[in-house]
Amino acid sequence: MYVTIPTEHFETLPPVGMPVRRPGTPEATRNAGSYLFFEGDEVEWLYQVVSGVLRLTRLLEDGRRQVIAFGYPGDIVGFPSGGLHHTDCDVLVDARLRVFRRSALESCVGNPELHRQLLQAALGEISAMQDHFMMLGRKSAAEKLASFLHVLFERVGEETDGKRQIMLPMSRSDIADFLGLTTETVSRTLTQMRKSGIIDIEDIYRVVVLRPDALLRLSLGNR
């Protein structure tokens, strides 16, 4: 999942994920804390998240970390770059995954429909990545965090006691490394949103969205 630029018409967006489930498609389970692959590994498999949350990261030469993306249900991770993985990928929340051979992406022999779907997913990832880069370069800290929360609100928000909440299995430093901010800025901006009545912070892992329209406006730069 990348933080794409929200719109005011989410009903026009295509559904998340793609119908790649076929009889005989292998599945795998991974526990939180385990790794699917490391940067530089040869790509053998692609993974579609059925349940759970993944984290994709890279390390700079000086040891600084960048969180590249989070993998939520419907997302596909593991697309090759020169035949190799270009990130590390670990599991934040126990995950169930559909597994596809890399050859299904590279050749339509045997299953042209799966090849088409994987190719479309790869192209969609490129488009989402471009939107994410625009967000990183142009938005303020508050707009970035509001965009992040609103995308999660739309994708995986859960209704509880008449309120819609977002689970945040990642740490504040994960969010900071994803949005190009400091951990202190993330914490301070969340506090500001709470004081403004846009969200309520139940605990470190759970945010309740009280005013979704205000959250969307903030993500678009309309305060």
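Residues numbered from 1 in each chain as written. Predicted model: local features only at pLDDT ≥ 70, side-chain atom pairs only at ≥ 80, totals over all residues. Heavy atoms only, no water.

Novice: Let's hear about the nonpolar core: which residues, and what values?
Specialist: Within the largest apolar cluster, 31 residues are counted, with the highest numbers of intra-cluster contacts made by Leu145, Phe148, Leu149 and Leu168. Elements supplying a minimum of two residues to this core: strand E4 (65-71), helix H3 (141-156), helix H4 (172-179), helix H5 (183-195), strand E10 (206-209) and helix H6 (212-219). Ignoring any residue separated from it by four or fewer positions in sequence, one finds Leu168 in contact with Phe148, Leu149, Leu152, Ile175, Ile204, Tyr205 and Val207. The next biggest cluster of nonpolar side chains, apart from the first, holds 13 residues, and it includes Tyr47, Val49, Val77 and Val91. (Core = buried A, V, L, I, M, F, W, Y, C linked by side-chain atoms within 4.5 Å. Buried < 20%, exposed > 50% of the residue type's maximum accessible area, 1.4 Å probe, protein only. Helix = DSSP H or I, 4+ residues; strand = E, 2+ residues; numbered from the N terminus. Contact = heavy atoms within 4.5 Å.)

Novice: Break down the packing of H3 against H5 for me, citing the residues and quoting the values.
Specialist: Contact pair H3 / H5: the axes reach a minimum separation of 10 Å and the direction vectors enclose 75 degrees. Judged by the angle between their axes, H3 and H5 are roughly perpendicular. Where H3 approaches H5, its residues Ala141, Ala142, Leu145, Ala146 and Leu149 are matched on the opposing element by Thr185, Val186, Thr189, Leu190 and Met193. Of the residues belonging to the contact of H3 with H5, the class tally is 8 nonpolar, 2 polar and no charged. (Axes fitted to C-alpha atoms, helices over the stretch in contact; angles between N-to-C directions. Parallel < 35°, antiparallel > 145°, perpendicular 65-115°, else oblique. Nonpolar A, V, L, I, M, F, W, Y, C, P; charged D, E, K, R; others polar.)

Novice: Lay out the sheet that holds strand E7 (residues 158-160) in plain terms, naming residues and giving numbers.
Specialist: Read from one edge to the other, the open sheet built from 4 strands follows the order E7-E8-E10-E9, with strand pairing classed as antiparallel. Lying at the two open borders of the sheet, with one neighbouring strand each, are E7 and strand E9 (199-203). Strand-to-strand twist in this sheet, taken as the mean axis angle between neighbours without regard to direction, amounts to 35 degrees. Judged from the 3 bridges that link them, E7 and strand E8 (residues 163-167) form a sheet pairing that is antiparallel. Of the residues in E8, the one forming a bridge with Glu159 is Arg164. (Pairing = 2+ DSSP bridges.)

Novice: Lay out the packing of H3 against H6 with the relevant residues and their values.
Specialist: Contact geometry for H3 and H6: axes closest at 7 Å, N-to-C directions at 135 degrees. By the angle between their directions, the pair H3 and H6 is classed as oblique. The two elements H3 and H6 cross, and the hand of that crossing is left-handed. Of the residues in H6, those in contact with Ala142, Glu143, Ala146, Ser147, Leu149, His150 and Phe153 of H3 are Pro212, Leu215, Leu216, Leu218 and Ser219. Grouping the amino acids of the contact of H3 with H6 by side-chain chemistry returns 8 nonpolar, 3 polar and 1 charged. (Left-handed = near helix turned anticlockwise from the far one by under 90°.)

Novice: Break down the side chain of His85 for me, with residues and values.
Specialist: Inspection of the secondary structure assignment puts His85 in the loop between strand E5 (76-77) and strand E6 (88-101). Among residues more than four places away in sequence, those in contact with His85 are Phe37, Phe38, Glu39, Gly40, Asp41, Glu42, Val43, Trp45 and Gly78.

Novice: Explain helix H2 (residues 112-138) to me, and be specific about the residues and the numbers.
Specialist: Relative to the 39 Å expected for 27 residues at 1.5 Å per residue, H2 spans 39 Å between its end C-alpha atoms, a close match to the ideal helical length. Of the residues making up H2, those classed as buried are Leu114, His115, Gln117, Leu118, Ala121, Ala122, Ala128, His132 and Met135. Structurally, H2 contributes buried residues whose contacts are with strand E3 (45-59), E5, E6, helix H1 (103-106), H3 and H4. (Expected span 1.5 Å × (residues − 1).)

No statement about biological role is implied by the geometric values presented.
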